[in-house]
Amino acid sequence: MREQRALKGPRRPADTVVAVLGCALVFCFSAVMALQILVWNPAAAAAAADPARTGLGSAGGGLDFATPLIASGVGVALGLALLVLTLVGVLRRAVVAIAYLGALVLGYPVYLLASFGNGVHLADEYGVSGGDHALGGLVLGVISAAALIVLLVLTVRRSARRPHVRAA
């Protein structure tokens, strides 16, 4: 009976606050990721390009809009799903916090994968490196690293509170 109540029941205000904040963070991360890949980084790469080299790379090639938008959309969908599960009382504060932090931690590797093709295109098109030219990528990395640290602290604190059972 107690197991059932721990998984499902009336939601608490603190659960809702954590879910709304987590959802907002994941939404912001997804938006910054899409803007970095599709707007900020290409503009910064064009500004950093050698004018004599500009346009000599991949003729007729364009940026891939689908991959970054799908990756961002998955983040938004995950954020919404966790919010709904919390609002209906399926998830509690600790679980939803860990889930949102995990999404932010995994967001940076997703960003790297989603931006790879466009980075190659920018390198070919403008004769620059395929890495980040705008600060959005650094912001995403810092947020992801901070989420990892908070996740580790929460995990250690939760395990320290639980009594350890010794095998006889």
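Preceding this paragraph is the structure being described.
Keep in mind it's a predicted model, so treat the numbers as computed, not measured.

A.B. asks: How would you sum up the nonpolar core? Please name residues and give values.
C.D. replies: Counting residues in each nonpolar core, the largest one holds 22 residues, and the members touching the most others are Met 33, Ile 37, Val 96 and Tyr 100. Only helix 2 (13-48), helix 3 (66-87), helix 4 (93-126) and helix 5 (136-161) provide two or more residues apiece to this core. Among the elements that take part in this core, helix 4 stands out by supplying 8 residues, more than any other. In contact with Val 96, not counting residues within four places along its chain, are Val 18, Ala 19, Leu 82, Thr 86 and Leu 91. Counting residues in each nonpolar core, the second largest holds 5 residues, with Ala 45, Ala 49, Leu 122 and Val 128 among its members.

A.B. asks: Go over the packing of helix 3 against helix 4 with me, naming the residues and quoting the values.
C.D. replies: Put simply, helix 3 and helix 4 touch, their axes get as near as 9 Å, and they point 170° apart. By the criterion of interaxial angle, the relationship of helix 3 to helix 4 is roughly antiparallel. The residues of helix 4 that touch helix 3, namely those facing Thr 67, Pro 68, Ala 71, Leu 78, Gly 79, Leu 82, Leu 83 and Thr 86, are Val 96, Ala 99, Tyr 100, Ala 103, Val 110, Ala 114 and Asn 118. Its residues assigned to classes, the contact of helix 3 with helix 4 shows 11 nonpolar, 4 polar and no charged.

A.B. asks: Report on a positive patch on the surface, specifying residues and quantitative values.
C.D. replies: A contiguous patch of positive charge, built from Arg 157, Arg 158, Arg 161 and Arg 162, is present on the exposed surface. Along the chain, the position of Arg 162 falls in the segment after helix 5.

Cut-off values and rules
Residues numbered from 1 in each chain as written. Predicted model: local features only at pLDDT ≥ 70, side-chain atom pairs only at ≥ 80, totals over all residues. Heavy atoms only, no water. Core = buried A, V, L, I, M, F, W, Y, C linked by side-chain atoms within 4.5 Å. Buried < 20%, exposed > 50% of the residue type's maximum accessible area, 1.4 Å probe, protein only. Helix = DSSP H or I, 4+ residues; strand = E, 2+ residues; numbered from the N terminus. Contact = heavy atoms within 4.5 Å. Axes fitted to C-alpha atoms, helices over the stretch in contact; angles between N-to-C directions. Parallel < 35°, antiparallel > 145°, perpendicular 65-115°, else oblique. Nonpolar A, V, L, I, M, F, W, Y, C, P; charged D, E, K, R; others polar. Patch = residues over 30% accessible without salt bridge, like charges linked within 9 Å, V, L, I, M, F, W, Y side chains within 5 Å. Areas by Shrake-Rupley, 256 points an atom, 1.4 Å probe, with all protein chains shown as cover. Salt bridge = Lys/Arg side-chain N within 4 Å of Asp/Glu carboxyl O. Lys, Arg positive; Asp, Glu negative; His and termini not counted. Charge placed at Lys NZ, Arg CZ, Asp CG, Glu CD.

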